[in-house]
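An overview of the molecular structure
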Amino acid sequence: MNYLVCIKQVIDSSQLQINADSGNFDASKAAKMISSYDKNALEAAVQLKESSGGKVTALSLGSDDALKALKECISVGADEAVLISENSADSFDAYTKAALLSAAIKQLGDFDMIFCGKQATDDAEGQVGPQIAEKLAIPHVSFAAKIEQSDHNAVITREADDGLQVIHVSLPVLVTASDVINEPRFATIKSKMAANRAKIKILHVSDLESETKIDGIPLKIIKTIVPPKRDAGIRIKSQSDTETAHELFQKMLDAKLV
């Protein structure tokens, strides 16, 4: 079986700082990491490879900084990795990213299952995976919580608003992984050393333009701001439940809520 996992490198949100003058996030000094749901997607692909055999390819779109993330993928089970090198990839919208990733996938060959995280942990749009499936003309199943695979079919349990759904689908298929599907493994020192020696295949946007036919980026992000802080709530401490209820009601009257 041939598996491909789309990986996005994101800013470590715990290291974000806020510019006091503009109110915008300052990510210039923040470290980058693999989006956490993409780690679940990679682990799902590696587990299937271990049980059914095959090969796992990790694919990312970004600057050369993403090479570190792709080597991390190899250290935890991916067999090879490919980077679509583009310094301005962070400014691309979901449509453009999906167009480039799907064009690269067509170039790389046929895959039985393609994996993405259910959403990125920075923009949380959840659009790239389904758009890749649309461009490749294959079915997709989102929010996967469990995957069982046979030679030409898969049974995927997915999270839904009202519980779980079980989907029977033929391969090839694109799956977006939820965080309940597994617990991503950690690399060993030995696997890290081997990954550092791995060669990453490099593609360029110019290699894919004839297929993507992108004429400008439809959606542009003008700025990102921090939501205003909410006022602290009021804690009522009274001797009895009755007194608490009376005090709460009086405060609601004073605020003209009732």
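Here, the structure is the one placed above.
Residues numbered from 1 in each chain as written. Predicted model: local features only at pLDDT ≥ 70, side-chain atom pairs only at ≥ 80, totals over all residues. Heavy atoms only, no water.

Some remarks on the sheet that holds strand β1 (residues 2-7)
Spatially, nine strands are ordered β11-β10-β9-β12-β8-β1-β6-β7-β13 in an open sheet, and the strand pairing comes out mixed. Where the open sheet ends on each side, the last strands, each with one partner, are β11 (163-170) and β13 (201-204). On average, adjacent strands in this sheet sit at an angle of 35 degrees to one another, irrespective of strand direction. For strand β9 (residues 140-149) and strand β10 (residues 153-160), the ladder comprises five bridges, and the chain directions are antiparallel. Pairing of Ala144 across the sheet is with Arg158, part of β10. Across the sheet, helix α3 (residues 94-108) lies against β1, β6 (55-62), β7 (80-85), β8 (113-117) and β13, angled at about 145 degrees from β6, the strand it touches most. Sheet strands in contact with helix α4 (residues 128-136) are β1, β8, β9 and β12 (173-177), and its direction is about 180 degrees off that of β12. (Pairing = 2+ DSSP bridges. Helix = DSSP H or I, 4+ residues; strand = E, 2+ residues; numbered from the N terminus. Axes fitted to C-alpha atoms, helices over the stretch in contact; angles between N-to-C directions. Contact = heavy atoms within 4.5 Å.)

Digging into α3
Helix length check: α3, at 15 residues, gives a terminal C-alpha distance of 21 Å against a target of 21 Å (1.5 Å per residue), a fit within 8%. Counting buried residues in α3 gives 11 out of 15 residues, a clear majority hidden from the surface. All of the buried residues in α3 are Ala94, Thr96, Lys97, Ala98, Ala99, Leu100, Leu101, Ser102, Ala103, Ala104 and Ile105. Just downstream of α3, Gly109 is the residue with a positive phi angle, here 130 degrees. (Expected span 1.5 Å × (residues − 1). Buried < 20%, exposed > 50% of the residue type's maximum accessible area, 1.4 Å probe, protein only.)

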